[in-house]
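Letter by letter, the chains look like this.
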Amino acid sequence: MPVSQTLADRFAEGVAAYDPADGPVVLAVSGGSDSTALMHLVAAQLPADCLVVVSVHHGLRQEADAEIALVAAQAEALGLRHEVQHWAWDQTGNLQAAARAGRWALLRDYAQSVGAQAVWMGHTEDDQIETVLMRLARGSGVDGLTGMAPLSRRDGVLIARPLLGMTRADLREWLKEQALSWSDDPSNTDPRYARVKVRQMYAQLQDLGLTPKRLLQTVEHMQAAQATLIAAAKDFATRHVVQEGADLVLDGAVLDLAAGDTPRRVLTAALAWVNGANYRPRFDALRQAAAEACAGQTVTLAGVIWLQEKDGRVRLIREAAATATSPLSPRTDGQDRTLIWDSRWTISGPSGTGLQVRALADGLQSCPQWRETGVPRRSLMASPAIWDKETLVAAPVAGLANGWSARIVADFHSTAFAIED
Ligand SMILES: Nc1ncnc2c1ncn2[C@@H]1O[C@H](COP(=O)(O)OP(=O)(O)OP(=O)(O)O)[C@@H](O)[C@H]1O
């Protein structure tokens with residue numbers, strides 16, 4: 001059977017769970033073989049109007065213009081929308097790491113600005129093997145050695161990797177069979193990069209019997225171990241964490257980090273849920289904050305205020321000052337505008353020019369009915385509000401709707417234990 005047959009069939013199974021009603025999908029396509037194959041395979045399975053192809057131009061190599069032009073031409077032939085996002089290096093830090101982080105930030109922000117349900121990426125089995133070997137070299141634990149997950153979450157955005165079970169060689173074979181071209185980025189073979197070194201050394205490790213099959217078996221064992229840890233954490237959370245709107249209320253058991261993996265996992269998940277998964281504290285900082293909270297102090301960590309309740313529990317509230325401002329670009333078709341704010345609120349409302357979403361903060365004074373909502377003051381101050389420069393247009397959570405709505409994207413207990421990327 002030609003590669004095309006089996007590969008396309010396996011891919012079709014992988015996308016079966018996708019529901020167009022949940023919003024568009026962003027396809028991250030660099031123009032390399034893997035993401036080019038991803039674009040064509042997805043386009044054959046899903047309706048074009050729910051796909052947006054996004055290429056990030058790093059402005060670092062001359063060939064990038066031609067690579068992105070090739071993606072644009074192929075996307076157009078498939079009837080897909082194609083967007084280019086430009087990245088600029090501010091000359092700080094390691095260039096590779098900065099480019100990777102900058103690329104993700106552009107993909108994430110774009111996905112959130114169009115209310116996308118997920119970003120799909122072209123990582124393959126080869127990338128998985130390299131990732132696990134690099135993490136082994138860093139002494140990673142169970143979570144790290146699970147490698148990349150087929151479905152995970154970063155900064156509150158879902159990442160799908162439908163090609164993880166396929167090899168680069170198979171994808172290239174498939175592209176050739178379909179007479180489709182791709183671009184080869186020379187840095188993918190530059191031995192100065194750690195990933196390239198790992199790839200080259202892995203060829204030797206295979207001679208010792210560390211075949212892809214064996215290595216991926218270990219990954220499966222780790223995934224099973226991780227699933228057990230996550231199940232225990234979920235169960236613990238149902239007993240010790242209560243979601244109240246956008247806040248979480250924890251009892252003392254969650255702060256008892258000496259009790260092992262489970263409370264640490266639950267506390268970390270709780271913070272990540274409240275801060276939109278924008279940052280995770282280091283363990284030392286977490287331990288210190290938990291001890292202070294146990295001693296009755298109010299703590300601010302990871303963009304979250306840990307406030308004492310009268311009954312001794314601790315309320316986690318988003319810190320208004322840690323949220324960002326998102327511009328609301330107007331729609332030309334007169335439809336409502338939808339975007340995701342602070343990685344966890346879906347905001348919808350009438351189009352308009354020059355509007356922004358940012359935390360309500362002191363705008364609370366302009367919401368006469370806020371007390372009737374029953375939501376604590378500090379929680380309302382961190383809730384989303386629509387602003388026209390300094391004028392408050394709407395604060396839906398604080399009782400000033402004016403045609404706008406805001407809802408928390410996902411419930412804590414059912415989503416907070418998704419695998420983090
Ligand atoms: N410049 C980019 N623009 C958009 N998406 C990108 C870009 N670079 C990488 N990606 C996404 O990240 C995935 C993994 O990145 P990686 O650096 O391994 O890819 P690559 O070698 O540039 O290209 P490919 O994976 O397509 O062969 C890609 O498959 C793609 O989905």
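Residue positions are counted from 1 within each chain, in the order its sequence is given. Local features in this predicted model are restricted to residues whose pLDDT is 70 or higher, and side-chain atom pairs enter the listing and the counts only when it is 80 or higher, whereas totals over whole chains, interfaces and linings include all residues. For side-chain calculations, the full set of non-hydrogen atoms in the structure is used, while hydrogens and water are omitted.

### Focus: the packing of aromatic side chains
Argument step 1. Put simply, two rings from Phe, Tyr or Trp (the six-membered ring, in Trp's case) pair if the centres are within 6.5 Å, and we call them stacked under 30 degrees between planes, edge-to-face over 60, tilted for the rest. This structure, assessed with the given rule, holds two aromatic pairs.
Argument step 2. For the pair W273 and F412, a centre-to-centre distance of 5.9 Å together with 75 degrees between the ring planes defines the contact as edge-to-face. Note that W273 is positioned in helix α11 (residues 261-274) and F412 in helix α14 (residues 412-415), a separation of 139 residues in sequence.
Argument step 3. W273 gets classed as buried once you look at its relative accessible area, which sits at 8%.
Argument step 4. Here F412 falls in the buried class, since its relative accessible area comes to 0%. Where helices and strands are cited, they refer to DSSP runs of H or I of at least four residues and of E of at least two residues respectively, numbered from the N terminus. Note on exposure labels: buried denotes an accessible area under 20% of the residue type's maximum, exposed denotes more than 50%, and partly exposed covers the range between, all computed with a 1.4 Å probe on protein chains only.

### Some points on the sheet that holds strand β16 (residues 384-388)
Argument step 1. Pairing between two strands is assigned when DSSP locates at least 2 bridges connecting them. Spatially, four strands are ordered β12-β15-β16-β17 in an open sheet, and the strand pairing comes out antiparallel. Of all the strands in the sheet, just β12 (326-328) and β17 (391-394) have a single pairing partner and so form its edges. Between one strand axis and the next, the sheet turns through 40 degrees on average, direction left out of account.
Argument step 2. Relative to β16, strand β15 (residues 355-359) is paired through five bridges, and the arrangement is antiparallel. Looking across to β16, one finds that A359 is bridged to P384. All axes here are fitted lines through C-alpha atoms, helices being fitted over the stretch that makes contact, and every angle between N-to-C directions spans 0 to 180 degrees.

### Things to note about the layout of surface pockets
Empty space among the atoms can be located by rolling a probe the size of a water molecule over them.
Argument step 1. Buriedness for pockets is judged along seven lines, at least five of which must meet protein on both sides within 12 Å for an open set on the 1 Å grid over protein atoms alone, while cavities are sets there where a 1.4 Å probe fits but cannot get out, and lining residues have an atom within 4 Å of a point. Grid points are joined across faces, edges and corners, and a volume is the space filled by probe spheres set on the points. In this structure, the second largest pocket encloses a volume near 1,100 Å³.
Argument step 2. What lines the second largest pocket is a set of 45 residues, and nearest its centre among them are Q117, A118, L151, V157 and L158.
Argument step 3. Of all the elements in the fold, those that place two or more residues in the lining of the second largest pocket are α1 (3-14), α4 (95-113), β4 (118-120), β5 (151-154), β6 (157-160), α11 and β13 (337-341).
Argument step 4. Put simply, Ala, Val, Leu, Ile, Met, Phe, Trp, Tyr, Cys and Pro go in the nonpolar bin, Asp, Glu, Lys and Arg in the charged bin, and everything else, Gly too, in the polar bin. Residues belonging to the lining of the second largest pocket are distributed by class as follows: 26 nonpolar, twelve polar and seven charged.

### Some thoughts on the UniProt feature "binding site: ATP" (unreviewed entry) in the chain
Argument step 1. UniProt's feature table lists "binding site: ATP" (unreviewed entry) at S30, G31, G32, S33, D34 and S35, given in the numbering used throughout.
Argument step 2. If we skip the residues at most four places from it in the chain, G32 touches W182 and S183.
Argument step 3. By secondary structure assignment, the location of S35 is in helix α2 (residues 33-45).
Argument step 4. In what follows, a contact means two residues having at least one pair of non-hydrogen atoms within 4.5 Å. Beyond its immediate sequence surroundings of up to four residues, S35 is in contact with A28, V29, S30 and G122.
Argument step 5. For this analysis, a polar contact is any N or O atom pair within 3.5 Å, provided that within protein one partner can donate a hydrogen and the other can accept it, and provided that sequence-adjacent residues contribute only side-chain to side-chain pairs. For S35, the side chain forms a polar contact with the main-chain nitrogen of S30, separated by 3.0 Å. UniProt positions are given in the numbering used here, feature names are shortened, and annotations may be inferred rather than shown by experiment.

### Remarks on the pattern of salt bridges
In a structure, side chains of opposite charge can pair up when their charged atoms sit close to one another.
Argument step 1. Just to be clear on terms, a salt bridge is a Lys or Arg side-chain nitrogen sitting within 4 Å of an Asp or Glu carboxyl oxygen. On inspection of all chains with the given rule, the structure shows 25 salt bridges.
Argument step 2. A salt bridge links D127 to R168, with the shortest nitrogen-to-oxygen separation between them at 2.9 Å. You can see D127 sitting in helix α5 (residues 125-137) and its partner R168 sitting in helix α7 (residues 168-177), a full 41 residues away along the chain. The residues D127 and R168 share a single accessibility class, namely buried.
Argument step 3. Counted as one network, the salt bridges with shared partners bring together R61, E63, E67 and D185.

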